[in-house]
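# Summary of structural features
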Amino acid sequence: MFKTVGAHNVIMFDEDGTCVDTQQVVIGTMNREFNTNYTVADASSYDWFVKTVMSLDKEYKTPEDARKFLFNENVIRKALPTLGIQRLVTELHHLGFQIVKATARSETQREVTLESNEMYFPEVSQIFMRQPQHNKFDAKLHAIQTKRPLVFIDDDADLLYNLQRFVSEETFFILIDRPWNQVVRSTGGKKVFVTRDDERLRRFGFFKEDNHEWGKVYAWITKLSAQQAQQAK
Ligand SMILES: [Mg+2]
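The shown structure was predicted, so the numbers you read here are calculated from the model rather than taken from an experiment.

Let's shift gears to the pairing of strand β8 (residues 201-204). Of the two faces of β8, the one carrying L201 and R203 and the one carrying R202 and F204 are both buried. Bridge count for strand β5 (residues 172-176) against β8 is four bridges, and the pairing is parallel. Counted as the bridge partner of I176 is F204 from β8.

A word on the sheet that holds β5. The strand order β3-β2-β1-β4-β5-β8 describes an open sheet built from six strands, whose pairing is parallel. On the outer flanks of this sheet lie β3 (124-130) and β8, each paired with one strand and no other. Strand after strand, the sheet turns through a mean of 20 degrees between neighbouring axes, direction not considered. Bridging between strand β1 (residues 10-13) and strand β2 (residues 98-106) involves four bridges; their strand directions are parallel. Counterpart to V10 in the pairing with β2 is Q98. Contacts from helix α5 (residues 85-95) reach β1 and β2 within the one sheet, and its direction differs from that of β1 by about 160 degrees.

We note that the domain assignment places domain 1 (10-21 + 80-232) and domain 2 (23-76) within the protein. Relative to domain 2, the C-alpha centre of domain 1 lies at a distance of 23 Å. Across the contact, 12 residues belong to domain 1 and 14 residues belong to domain 2. With both chains or domains summed, domain 1 and domain 2 bury close to 1200 Å², and 55% of this area falls on carbon and sulfur atoms.

Looking now at the pattern of salt bridges. Applying the stated criterion across every chain yields a total of 14 salt bridges. D154 is paired through a salt bridge with K140; the nearest N and O atoms lie 3.1 Å apart. A residue pair is termed long-range when its members are at least 10 positions apart, and D154 in strand β4 (residues 151-154) and K140 in helix α7 (residues 136-147) qualify at 14 residues. Residue D154 shares its accessibility class with K140, and that shared class is buried. Linked by salt bridges that have partners in common, D14, K140 and D154 make up one network.

Our next topic: the nonpolar core. For soluble globular proteins, the rule of thumb is that nonpolar side chains tend to be buried together. I11, F13, V151 and I221 are the most contacted members of the largest nonpolar core, which totals 47 residues. Two domains each provide a minimum of three residues to this core, namely domain 1 (10-21 + 80-232) and domain 2 (23-76). Setting aside its immediate chain neighbours within four residues, I221 contacts I11, L92, F97, L150, V151, I153 and I174. In this structure, V10, F128, A157 and L163 belong to the second largest nonpolar core, which totals 20 residues.

Thresholds, definitions, all that
- Residues numbered from 1 in each chain as written.
- Predicted model: local features only at pLDDT ≥ 70, side-chain atom pairs only at ≥ 80, totals over all residues.
- Heavy atoms only, no water.
- Buried < 20%, exposed > 50% of the residue type's maximum accessible area, 1.4 Å probe, protein only.
- Helix = DSSP H or I, 4+ residues; strand = E, 2+ residues; numbered from the N terminus.
- Pairing = 2+ DSSP bridges.
- Axes fitted to C-alpha atoms, helices over the stretch in contact; angles between N-to-C directions.
- Contact = heavy atoms within 4.5 Å.
- Domains from an automatic or database assignment.
- Buried area = accessible area lost by both parts, 1.4 Å probe.
- Salt bridge = Lys/Arg side-chain N within 4 Å of Asp/Glu carboxyl O.
- Core = buried A, V, L, I, M, F, W, Y, C linked by side-chain atoms within 4.5 Å.

This is the structure:
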(Lines give C-alpha, C1' and ligand atoms only; values in the text may rest on other atoms or scores of the structure.)
Protein backbone atom coordinates (compact mmCIF):
# COMPACT_ATOMS: atom_id res chain seq x y z
CA MET A 1 0.00 0.00 0.00
CA PHE A 2 1.20 3.52 -0.79
CA LYS A 3 2.18 5.03 2.52
CA THR A 4 0.66 8.47 2.95
CA VAL A 5 0.79 8.92 6.69
CA GLY A 6 3.69 11.07 7.83
CA ALA A 7 4.86 12.36 11.20
CA HIS A 8 1.59 14.18 11.82
CA ASN A 9 -0.46 11.04 12.05
CA VAL A 10 -3.38 12.21 14.19
CA ILE A 11 -6.78 13.19 12.83
CA MET A 12 -8.85 14.92 15.51
CA PHE A 13 -12.64 15.13 15.45
CA ASP A 14 -15.13 17.19 17.40
CA GLU A 15 -18.09 15.17 18.69
CA ASP A 16 -21.42 17.07 18.69
CA GLY A 17 -22.49 18.32 15.28
CA THR A 18 -19.49 16.67 13.63
CA CYS A 19 -19.36 12.96 14.43
CA VAL A 20 -22.84 12.69 15.92
CA ASP A 21 -25.92 14.68 15.00
CA THR A 22 -26.73 15.85 18.51
CA GLN A 23 -28.62 18.89 17.22
CA GLN A 24 -31.18 16.61 15.59
CA VAL A 25 -31.99 15.03 18.96
CA VAL A 26 -31.92 18.40 20.72
CA ILE A 27 -34.48 19.82 18.30
CA GLY A 28 -36.71 16.77 18.73
CA THR A 29 -36.58 17.28 22.50
CA MET A 30 -37.45 20.98 22.12
CA ASN A 31 -40.37 20.21 19.83
CA ARG A 32 -41.83 17.67 22.25
CA GLU A 33 -41.33 19.89 25.28
CA PHE A 34 -42.63 23.14 23.76
CA ASN A 35 -44.97 21.79 21.09
CA THR A 36 -43.02 23.48 18.30
CA ASN A 37 -42.05 22.36 14.79
CA TYR A 38 -38.43 23.39 14.40
CA THR A 39 -36.05 21.62 12.09
CA VAL A 40 -32.26 21.59 12.07
CA ALA A 41 -32.33 24.14 9.24
CA ASP A 42 -33.88 26.70 11.64
CA ALA A 43 -30.74 26.72 13.76
CA SER A 44 -29.13 29.82 12.31
CA SER A 45 -26.34 30.13 14.87
CA TYR A 46 -24.69 28.23 17.67
CA ASP A 47 -26.59 30.33 20.22
CA TRP A 48 -29.92 29.72 18.52
CA PHE A 49 -30.66 26.61 20.61
CA VAL A 50 -30.04 28.32 23.94
CA LYS A 51 -31.77 31.58 22.98
CA THR A 52 -34.82 29.76 21.65
CA VAL A 53 -35.24 27.67 24.79
CA MET A 54 -34.89 30.75 26.99
CA SER A 55 -37.53 32.58 24.95
CA LEU A 56 -39.95 29.63 25.04
CA ASP A 57 -39.75 28.99 28.77
CA LYS A 58 -38.92 31.73 31.22
CA GLU A 59 -37.95 29.09 33.77
CA TYR A 60 -34.61 28.84 31.96
CA LYS A 61 -33.15 32.09 33.19
CA THR A 62 -29.51 31.67 32.19
CA PRO A 63 -27.78 30.15 29.17
CA GLU A 64 -26.36 27.56 31.56
CA ASP A 65 -29.92 26.49 32.59
CA ALA A 66 -30.88 26.13 28.94
CA ARG A 67 -27.75 24.15 28.14
CA LYS A 68 -28.46 21.76 30.99
CA PHE A 69 -31.89 21.10 29.51
CA LEU A 70 -30.62 20.82 25.93
CA PHE A 71 -27.44 18.84 26.30
CA ASN A 72 -28.14 16.54 29.23
CA GLU A 73 -27.05 12.91 29.16
CA ASN A 74 -30.41 11.52 28.08
CA VAL A 75 -30.29 13.77 25.04
CA ILE A 76 -26.70 13.20 23.97
CA ARG A 77 -27.03 9.46 24.52
CA LYS A 78 -29.54 9.33 21.63
CA ALA A 79 -27.33 11.19 19.13
CA LEU A 80 -26.59 9.08 16.04
CA PRO A 81 -23.52 9.29 13.80
CA THR A 82 -23.74 11.86 11.03
CA LEU A 83 -24.28 10.37 7.61
CA GLY A 84 -21.12 8.81 6.17
CA ILE A 85 -18.78 9.78 9.01
CA GLN A 86 -18.19 6.23 10.26
CA ARG A 87 -16.80 5.19 6.91
CA LEU A 88 -14.43 8.17 6.84
CA VAL A 89 -13.15 7.35 10.34
CA THR A 90 -12.66 3.67 9.44
CA GLU A 91 -10.84 4.44 6.21
CA LEU A 92 -8.52 6.99 7.82
CA HIS A 93 -7.77 4.49 10.56
CA HIS A 94 -6.94 1.83 7.97
CA LEU A 95 -4.47 4.23 6.36
CA GLY A 96 -2.61 4.38 9.66
CA PHE A 97 -3.97 7.58 11.19
CA GLN A 98 -4.60 7.75 14.91
CA ILE A 99 -8.20 8.85 15.50
CA VAL A 100 -8.67 11.21 18.44
CA LYS A 101 -11.65 13.23 19.64
CA ALA A 102 -11.80 16.60 21.36
CA THR A 103 -15.18 17.56 22.75
CA ALA A 104 -16.54 20.46 24.80
CA ARG A 105 -18.61 17.94 26.76
CA SER A 106 -17.59 18.08 30.40
CA GLU A 107 -15.56 15.40 32.13
CA THR A 108 -18.76 14.29 33.92
CA GLN A 109 -20.11 13.19 30.53
CA ARG A 110 -17.16 10.95 29.76
CA GLU A 111 -19.03 7.73 30.47
CA VAL A 112 -21.91 8.40 28.09
CA THR A 113 -19.41 9.62 25.49
CA LEU A 114 -17.30 6.46 25.81
CA GLU A 115 -20.42 4.32 25.50
CA SER A 116 -21.43 5.81 22.17
CA ASN A 117 -17.86 5.82 20.86
CA GLU A 118 -17.41 2.14 21.65
CA MET A 119 -20.59 1.49 19.71
CA TYR A 120 -20.09 3.75 16.67
CA PHE A 121 -16.41 4.68 16.56
CA PRO A 122 -14.31 1.80 17.89
CA GLU A 123 -11.26 3.23 16.07
CA VAL A 124 -11.07 6.21 18.45
CA SER A 125 -8.00 5.82 20.67
CA GLN A 126 -8.34 8.89 22.89
CA ILE A 127 -11.04 11.40 23.87
CA PHE A 128 -10.27 14.84 25.30
CA MET A 129 -13.14 16.11 27.47
CA ARG A 130 -13.50 19.72 28.62
CA GLN A 131 -11.84 20.18 32.01
CA PRO A 132 -13.49 22.34 34.73
CA GLN A 133 -10.99 25.18 34.27
CA HIS A 134 -11.55 25.29 30.51
CA ASN A 135 -14.11 26.96 28.30
CA LYS A 136 -14.81 25.45 24.90
CA PHE A 137 -11.98 27.31 23.20
CA ASP A 138 -9.40 26.37 25.86
CA ALA A 139 -10.51 22.74 25.78
CA LYS A 140 -9.98 22.39 22.04
CA LEU A 141 -6.75 24.37 22.04
CA HIS A 142 -5.35 22.17 24.79
CA ALA A 143 -6.24 18.99 22.86
CA ILE A 144 -4.72 20.32 19.63
CA GLN A 145 -1.52 21.52 21.29
CA THR A 146 -1.14 18.17 23.03
CA LYS A 147 -1.67 15.94 19.99
CA ARG A 148 -0.62 18.27 17.14
CA PRO A 149 -3.02 16.66 14.66
CA LEU A 150 -2.63 16.96 10.91
CA VAL A 151 -6.32 17.91 10.68
CA PHE A 152 -8.95 19.00 13.19
CA ILE A 153 -12.59 18.69 12.09
CA ASP A 154 -15.35 20.72 13.77
CA ASP A 155 -18.73 22.34 13.08
CA ASP A 156 -18.17 25.60 14.99
CA ALA A 157 -16.93 28.20 12.52
CA ASP A 158 -16.06 30.89 15.05
CA LEU A 159 -14.11 28.42 17.13
CA LEU A 160 -12.02 27.24 14.18
CA TYR A 161 -11.50 30.73 12.85
CA ASN A 162 -10.16 31.88 16.21
CA LEU A 163 -8.20 28.68 16.91
CA GLN A 164 -6.19 28.83 13.72
CA ARG A 165 -4.38 31.93 14.97
CA PHE A 166 -3.10 30.06 18.02
CA VAL A 167 -2.25 26.71 16.47
CA SER A 168 0.90 25.68 14.61
CA GLU A 169 0.65 25.89 10.82
CA GLU A 170 1.18 22.16 10.61
CA THR A 171 -2.41 21.65 11.72
CA PHE A 172 -5.20 22.24 9.20
CA PHE A 173 -8.88 22.71 9.91
CA ILE A 174 -12.01 21.37 8.31
CA LEU A 175 -15.32 23.09 8.94
CA ILE A 176 -18.31 20.88 8.29
CA ASP A 177 -21.07 22.88 6.66
CA ARG A 178 -24.04 23.09 9.03
CA PRO A 179 -26.98 25.54 9.19
CA TRP A 180 -25.61 27.21 12.33
CA ASN A 181 -22.19 28.07 10.90
CA GLN A 182 -23.09 29.89 7.71
CA VAL A 183 -22.34 33.29 9.20
CA VAL A 184 -19.03 33.56 10.95
CA ARG A 185 -18.08 36.37 13.30
CA SER A 186 -14.50 37.03 14.21
CA THR A 187 -13.62 38.09 17.75
CA GLY A 188 -13.86 41.74 16.72
CA GLY A 189 -17.51 41.21 15.77
CA LYS A 190 -16.58 41.59 12.11
CA LYS A 191 -18.30 39.24 9.68
CA VAL A 192 -15.97 36.77 8.01
CA PHE A 193 -16.82 33.80 5.85
CA VAL A 194 -15.02 30.51 5.84
CA THR A 195 -14.91 29.39 2.24
CA ARG A 196 -14.25 26.10 0.55
CA ASP A 197 -10.98 27.33 -0.88
CA ASP A 198 -9.17 28.56 2.20
CA GLU A 199 -6.21 26.18 2.38
CA ARG A 200 -5.89 26.20 6.17
CA LEU A 201 -9.55 26.34 7.08
CA ARG A 202 -11.46 24.35 4.56
CA ARG A 203 -15.25 24.23 4.47
CA PHE A 204 -16.91 21.02 3.32
CA GLY A 205 -20.59 20.79 2.56
CA PHE A 206 -21.98 18.03 4.68
CA PHE A 207 -25.07 20.11 5.31
CA LYS A 208 -26.05 19.89 1.64
CA GLU A 209 -26.81 16.26 2.48
CA ASP A 210 -24.29 15.16 -0.07
CA ASN A 211 -22.73 12.06 1.37
CA HIS A 212 -19.92 12.25 -1.17
CA GLU A 213 -18.56 15.26 0.67
CA TRP A 214 -16.91 12.89 3.13
CA GLY A 215 -15.10 11.33 0.17
CA LYS A 216 -13.73 14.77 -0.64
CA VAL A 217 -12.62 15.20 2.96
CA TYR A 218 -10.83 11.86 2.73
CA ALA A 219 -9.13 12.84 -0.52
CA TRP A 220 -8.08 16.21 0.87
CA ILE A 221 -6.59 14.66 4.03
CA THR A 222 -4.61 12.02 2.15
CA LYS A 223 -3.25 14.64 -0.26
CA LEU A 224 -2.26 16.89 2.64
CA SER A 225 -0.57 14.03 4.42
CA ALA A 226 1.38 13.05 1.32
CA GLN A 227 2.52 16.65 0.87
CA GLN A 228 3.76 16.86 4.45
CA ALA A 229 5.55 13.52 4.16
CA GLN A 230 7.21 14.80 0.98
CA GLN A 231 8.30 18.05 2.64
CA ALA A 232 9.77 16.15 5.57
CA LYS A 233 12.16 14.20 3.30
MG1 LIG B 1 -19.53 20.62 17.62
